[in-house]
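Observations on chain architecture
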Amino acid sequence: MAAAATTSIRMMGSPALVAVLVVVILCRSAAGAAAQLDVAYYNKTCPAVEQIVRAETTRIVRASPDLAAAFLRLHYHDCFVQGCDASVLLDSTADNTAEKDSIPNGSLRGFDSVAGVKAKLEAACPGVVSCADILALMARDAVALARGPSWPVALGRRDGRNSSAANCGELPPLQGDVNLMVEAFAAKGLDVKDLAVLSGAHTLGKAHCPSFSDRLYGAVSSAAAGGGNGSKNCTTDPALDARYAYRLRMRCTGGAGNDAADNATAAELDPGSCVTFDTSFYRHVARRRGLLRSDASLLDHRYTRAYVLQAASGRYDGHFFDDFAKSMVKMAAIGVLTGDQGEIRKQCNVVN
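Report on the accompanying structure. (Residues numbered from 1 in each chain as written. Predicted model: local features only at pLDDT ≥ 70, side-chain atom pairs only at ≥ 80, totals over all residues. Heavy atoms only, no water.)

1. Some remarks on the layout of surface pockets
Approximately 1,100 Å³ is the volume attributed to the largest pocket. Forming the boundary of the largest pocket are 43 residues, of which Arg73, His77, Ser107, Leu174 and Lys206 lie nearest the centre. Of all the secondary-structure elements, those providing two or more residues to the lining of the largest pocket are α4 (67–79), α7 (178–186), α8 (192–198), β1 (206–208), α14 (293–296) and α16 (317–331). It is α4 that contributes the most residues to the lining of the largest pocket, six residues altogether. (1 Å grid on protein atoms, 1.4 Å probe; cavity = no way out; pocket = protein on both sides within 12 Å on 5 of 7 lines; lining within 4 Å. Points joined across faces, edges and corners; volume = space filled by probe spheres on them. Helix = DSSP H or I, 4+ residues; strand = E, 2+ residues; numbered from the N terminus.)

2. Considering the packing of aromatic side chains
Enumeration over the complete set of coordinates arrives at 12 aromatic pairs. Ring plane angle 80 degrees and centroid distance 5.3 Å describe the contact between Tyr282 and Phe320, whose orientation is recorded as edge-to-face. Taken together, the positions of Tyr282 in helix α13 (residues 280–286) and Phe320 in helix α16 put the pair 38 residues apart, joining distant regions of the chain. A single burial state applies to Tyr282 and to Phe320, both of which are buried. (Phe/Tyr/Trp six-rings, centres within 6.5 Å; stacked < 30°, edge-to-face > 60°. Buried < 20%, exposed > 50% of the residue type's maximum accessible area, 1.4 Å probe, protein only.)

3. Some thoughts on the state of the cysteines
Across all of its chains, the model carries four disulfides by this definition. Covalent S-S linkage joins Cys79 and Cys84, the inter-sulfur distance amounting to 2.0 Å. One disulfide, between Cys79 and Cys84, carries an S-S torsion of 120 degrees and so falls in the right-handed class. For the pair Cys79 and Cys84, a shared accessibility class is recorded, and that class is buried. The residue that forms a disulfide with Cys131 is Cys348, at a sulfur-sulfur distance of 2.1 Å. One disulfide, between Cys131 and Cys348, carries an S-S torsion of -100 degrees and so falls in the left-handed class. Remark: Cys348 occurs in the segment after α16 and Cys131 occurs in helix α6 (residues 131–145); sequence separation between them is 217 residues. For the residue pair Cys131 and Cys348, the accessibility class agrees, reading buried in each case. With its bonded cysteines labelled in order along the sequence, the protein chain shows the pairing 1-4, 2-3, 5-8, 6-7. (Disulfide = S-S within 2.5 Å.)

What follows is the structure in structure tokens.
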């Protein structure tokens, strides 16, 4: 391996080296853009930005506590697809299907709430605060309102002008194993610890049956999937606790993932604590009751397994809160647009 690496370095004119240099340049460019973010960015142009966002987010979450998870998820889904540029908020057009209308984003919520916060900021500071910054602030405030940690949010992101459903393959797959998850996070500059920590966001919210029905019923015959007389293969994922799987089958009965009732039915990611930010999610995963395959697979990697078991002990809640805050800061800097890049949208769902 070392010899091969040396050979590649010596091939000064090779396509391989050019590719390496391009990656290095892009990484430096991304790091430079992130460095332009500043917690004091709006101090002169919109000094009340954080108070306005916090007040509106507080009002919304107190009325609908489940929206805390929605705001956190919006920020996550935005940052993992072409960076934290609010592209997830853009509407589809006649000739383009946007991110929000992709299959992975079909259950995203909170768009109207974000639009409401944007309207408040436009009234106070017209054309100043980006939708990307609003997502970052609302995610932070939502976690804090759910009794989780808070952290300083560096600001100055600008909004992207493009959004394509085709790019949503960049999102970490819910049905993926831990190795796929590690690769997906590494592609965004996040390491295996960030994976273990940010998975803890699933202490909030729910998942719809199609997201995990394959773990309950295994493969479905082509006849069943097409509405014929085929039968389900009710092989439960061996990584899923049998009693927990039984309860889930009582809730999600379609199995094929195409039953209308199942599509509208959801299960708590952190049963009994899905509106409170805490470490109980890790206790469920440790007991083989992680709802999603990607969560369950955290037990299959030496580092993530160790982190799950430590968090599940209940003796390191403070450490997890600190870790989560740091990982969120890293995630919120992925692929940001700054300076004269992008724009400041007047409405978050359409370009200017």
